[in-house]
Amino acid sequence: METTTTERRRLFATEKVGGRAVYRLQAATVAAGILLVLYYRATRVPAAGEGRAAWLGMAAAELWFAVYWVITQSVRWCPVRRRTFKNRLAERYKENLPGVDVFVCTADPHAEPPSLVISTILSVMAYNYPSEKISVYLSDDGGSILTFYALWEASMFAKKWLPFCRRYNIEPRSPAAYFSESEGHHNLCSPKEWSFIKNLYEEMRERIDSAVMSGKIPEEIKLKHKGFDEWNSEMTSKNHQPIVQVLIDGKSQNAVDDDGNVLPTLVYMAREKSPQYHHNFKAGALNALIRVSALISDSPVILNVDCDMYSNNSDSIRDALCFFLDEEMSHKIGFVQYPQNYNNMTKNNIYGNSLNVINHVEMRGLDSAGGCLYIGTGCFHRREILCGKKFSKDYKEDWGRGIKERGHENIDEIEEKAKSLATCTYELRTQWGNEIGVKYGCPVEDVITGLAIHCRGWESVYMEPQRAAFVGVAPATLAQTILQHKRWSEGNFTIFLSKHNTFLFGHGKISLQLQMGYCIYGLWAANSLPTIYYVMIPALGLVKGTPLFPEIMSPWATPFIYVFCVKTLYSLYEALLSGDTLKGWWNGQRMWMVKRITSYLYGFIDTIRKLLGLSKMSFEITAKVSDGDEAKRYEQEILEFGSSSPEYVIIATVALLNFVCLVAGLSKIMAGVWNVFLPQVILCGLIVITNIPIYEAMFVRKDKGRIPLPVTLASIGFVMLAFLLPIV
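Conventions we followed
- Residues numbered from 1 in each chain as written.
- Predicted model: local features only at pLDDT ≥ 70, side-chain atom pairs only at ≥ 80, totals over all residues.
- Heavy atoms only, no water.
- UniProt positions renumbered as here; feature names shortened; annotations may be inferred.
- Pairing = 2+ DSSP bridges.
- Helix = DSSP H or I, 4+ residues; strand = E, 2+ residues; numbered from the N terminus.
- Axes fitted to C-alpha atoms, helices over the stretch in contact; angles between N-to-C directions.
- Buried < 20%, exposed > 50% of the residue type's maximum accessible area, 1.4 Å probe, protein only.
- Contact = heavy atoms within 4.5 Å.
- Polar contact = N/O pair within 3.5 Å; in protein donor to acceptor, adjacent residues only side chain to side chain.
- Domains from an automatic or database assignment.
- Buried area = accessible area lost by both parts, 1.4 Å probe.
- Salt bridge = Lys/Arg side-chain N within 4 Å of Asp/Glu carboxyl O.
- Nonpolar A, V, L, I, M, F, W, Y, C, P; charged D, E, K, R; others polar.

The name given to the chain in an unreviewed UniProt entry is Cellulose synthase-like protein E6, with Oryza sativa subsp. indica as the source organism. Recorded under Subcellular location (unreviewed entry), the UniProt text for the chain is reproduced unchanged: "Golgi apparatus membrane". Under the heading Sequence similarities (unreviewed entry), UniProt records this for the chain: "Belongs to the glycosyltransferase 2 family. Plant cellulose synthase-like E subfamily."

1. Regarding the sheet that holds strand 6 (residues 265-270)
One open sheet holds the eight strands; their spatial order is 5-6-4-3-7-11-9-12, and the pairing between them is mixed. Since the sheet does not close on itself, it has two edges, and those belong to strand 5 (243-248) and strand 12 (459-462), each with one partner. Adjacent strand axes in the sheet meet at a mean angle of 20° when their direction is disregarded. Where strand 9 (residues 333-337) meets strand 11 (residues 379-382), three bridges bridge the pair, whose relative direction is antiparallel. Bridging across to strand 11, Gln337 finds its partner in Cys379.

2. What about the UniProt feature "binding site: Mn(2+)" (unreviewed entry) in the chain?
Within the UniProt annotation, "binding site: Mn(2+)" (unreviewed entry) is assigned to Lys282 and Asp306. For the annotated residues, spread through 25 residues, the largest C-alpha to C-alpha distance comes to 10.1 Å, consistent with a single compact locus. Tracing the backbone through its elements, the reader meets Lys282 in helix 10 (residues 281-296). Residue Lys282 is classed as buried on the basis of its relative accessible area, which comes to 16%. Excluding anything up to four places from it in sequence, Lys282 contacts Asn304, Asp306, Gly376 and Glu445. Checked against the element boundaries, Asp306 lands in strand 7 (residues 301-306). For Asp306, the residues in contact, after removing those within four places along its chain, are Val104, Cys105, Thr120, Lys282, Gly376 and Thr377. At 2.7 Å, the side chain of Asp306 and the side chain of Lys282 are in polar contact.

3. Here we look at the domain arrangement of the chain
Under the domain assignment, the chain is made up of domain 1 (16-74 + 509-724) and domain 2 (84-476). Residue-level contacts link 37 residues of domain 1 with 45 residues of domain 2. A buried area of about 3600 Å², summed over both sides, lies between domain 1 and domain 2, and 65% of it is on carbon and sulfur atoms. Our count for the domain 1 to domain 2 interface comes out at zero salt bridges. Seen at the junction of domain 1 and domain 2, the total is 13 residue pairs in polar contact (both at pLDDT 80 or more). Those elements giving two or more residues to the side of domain 1 that touches domain 2 turn out to be helix 18 (512-522), helix 20 (557-577), helix 21 (582-597) and helix 23 (628-635). Take the side of domain 1 that touches domain 2: its biggest share by element is six residues, from helix 18. Classifying every residue of the side of domain 1 that touches domain 2 by side-chain character gives 17 nonpolar, eleven polar and nine charged.

4. Quick word on the UniProt feature "active site" (unreviewed entry) in the chain
Mapped onto the present numbering, the UniProt feature "active site" (unreviewed entry) falls on Asp141 and Asp446. Following the sequence through the fold, Asp141 ends up in the loop between strand 4 (134-140) and helix 6 (145-168). The contact partners of Asp141, leaving out residues within four places of it in the chain, are Thr106, Ala107, Ser237, His240, Arg271, Lys273, Phe281 and Ala285. On the basis of relative accessibility, which here comes to 11%, the residue Asp446 falls in the buried class. Dropping the residues within four chain positions of it, Asp446 is found in contact with Tyr374, Ile375 and Gly376. Looking at Asp446, its side chain comes within polar contact range of the main-chain nitrogen of Gly376, at 3.4 Å.

5. Considering the environment of Thr377
When you line up the elements, Thr377 lands in the loop between helix 12 (356-368) and strand 11. For the pair Thr377 and Val305, spaced 72 residues apart in sequence, the C-alpha separation works out to 4.3 Å. Beyond its immediate stretch of four places on either side in the chain, Thr377 contacts Asn304, Val305, Asp306, Met309, Gln337, Tyr338 and Gln340.

6. Some remarks on the side chain of Ser144
Checked against the element boundaries, Ser144 lands in the loop between strand 4 and helix 6. The class of Ser144 is buried, set by a relative accessible area of 10%. Excluding its chain neighbours within four sequence positions, the residues that come into contact with Ser144 are Pro109, Trp231 and Tyr268.

Shown next as C-alpha cells:
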C-alpha cells in the first residue's frame, strides 16, 4: 500500500531499458575475443626487418581500440528512460509554478539569419505555460541592429501569434516550422485565419530578410522604438557599448496580445565588446545573461537554447518541472537535459549528423550513472546551481518567488542598470567563469560546466519525450560537419588533458561509470591516430608483402573475425533501434572514418598546440545557411566538397591508397597467397566500398560539389609518397 501511495505522489518515473542480459552476454564474448586478439599480437611479434614496426603499431592501435571499447560500455550497461506525470503537476501546483528565464544566443546575422532566430524566439514565447512567468532574453554577440530589428518585428507579431497558438493548441510553435509542415491549413483552424496569420508571418520574414540583404533599417522603422538609437556608424561587431532593451515589459499593463492576455517579457542584450578584452565566446554571453536576467526577472529556472533550436513541444517546461518539483528526488537534480534533434536531416543521414545513437543509447546510459552531459542547448537549470551552489541534503528551493518585483524603478532605469552588468570589465577580479556561472577556457563550455555541477554533488536527468522538445538545423555540408566535430572533439579533448580530467577532477565526487562516460567524448580526438594507422598501414602491407593478420585458415583468425562481426552487427542494431535506416547506418560508418581522419585529427593537433602555447583558443560558428545548389545536392544525398580544403586531401588520399592497394592485394591472391593476405584484402575492400562516393566525387561527377582537380592531384602525390614508406 505504501508503494502505491509513493507512486501516486511521484511526478516522474525512472525505468530500466530492457534487453541488458543479452547485451552483457555479447559484451562478455567480445571482451574475450579482444583479449585473444591482444594475446596474439603480443606473442607473435615478427623478427626485426620483417614488419615488426608495423606489427607493433597494429598492436598499439588495437590496444587503444580495446580500451576505448571498455570505456563505451559504461553507458550501455544499464541505461534508463524517464517518464513524467504532468497531470499530477497540474493537480498539485495549479498555476503556482516558478518563473522561467529563457536564454537564446546568436552571434552573426549572416551565419545565423535573424529570420531563423526569431522563429526560435517566438516558439519559446508560446509555451503552454503562464505567460507572465516567462521571460525571454536574446543575446546578440554580433551587436547587430539587424538582429534587434528582427526581434522588434517578432515582438509585434507575437501579439497575434501567441493567441493563434493558444486558441488551436498548435505544434510546433515556431512559425517557420509550423507553416512549412502544415498542409493547406490546420484542421481546427479556418483556411481564412490560417492564411491571414501565414501572410503576416511571410511579410515579416520578407522585411527582415530584405533588411539583412541591404544591411539597412528603414528610417521610419527606427522611429518606432528608442532602442534603434543605440547604434551609430562607428560600432562594429567587435567594438561596441553594452545594449539592453526591453521590447516587451511583462509587468506593463500595455504588454498584452490581441486577446488581452499578458505577453512574456522580451529582452534584447548585446554585451559590451572591446578589442582590449577577451569576451569568452558563448560562455561569456551566457554569464552576462545570467546577471542581466537576475536584475529584470530573476526566475529560479533558466532554459538556454541555441538560436536554431526552436521549441517543438509546448509542454517542455512542465516536463522539466516534474523533475524540479518532485518532493522526493528533486533536491538533488541540478539540471534537466533534452536531446538535440534536427528537422533538416536527409532520409539516410548522409553526413551522420542525426546523433540518434548518442540520444537514444549513450545519453540514457549516462543518466543511469548519475547525470547526462550538459550539451549547451535544450537544458533547464536551477539558477542557484548554475551560479555555483554546492549540493547539500537539506537544500530547499524557494519556488514561491515569482517574477522579480520592480519597486519604484521604471524600465529605462532598469535598462541602464542592466548595461553595467554587461560591460567588459564587470567580471575582472571576480569568480565569474570559474566558480560562478558557465565556465571559461574551453571550446565546449557546456560540457565542462555540467561536469563542475556534477562534481559539486548534483545529479542531472535526461528527458526524451515522445514528441521532440527542441528541433534545430544540422550541418548540411561536409565542411560544416567537419568544422562542428572539430570543435566538439577539440573541446572535449582539452577537458581530458586539463585539470578537469574526469578521473582526476571527478575522483571521489562522481561515480567511475560517469567518469568513463565523459571520456567517451573526451577521447574522440585521440581516436584519430589509431584510426589513420589502421586505414593506411594494412593497405600498404599488401603492396609491401607484409602480412599483419593471422592466416585466414588459422584458428587465431577467429577472434579477429568474431570481434569485427559482432561489433559491426551490434552497431547496426543500435542504429536501427534508434531510428536510422540501413543506408543511414552505412553512411554513418563512412562519416565515422571521415570524422576521425579529419575533424578529430585537427582537434587533436590544435589541442596539443594550445597546450604548448603555439596557438590560442578560438570559436568558429557553424553556418546555418548554404546556397541553392548545395541545398539541392544535400536533399539528393550527394556529398559536398567543392573547395581545395586540406581535409579533403586527407579523405581522398586514404580512399585512393586503399583502392590502389586493393588492386595489388587481389593480384597477390590470384598468385596463390590468398591464405596469408585475405584478411588485409577484406579490410582494404571494405574501406574501398565505403569510399565509393569519394571516387565518384574525384573522377565521375561534374557538378560544383565534386572534389577539385588540385585535391585529386595532391592525393595522388601523397599516395605515391606513401609507397616509399618502409614497413619494417
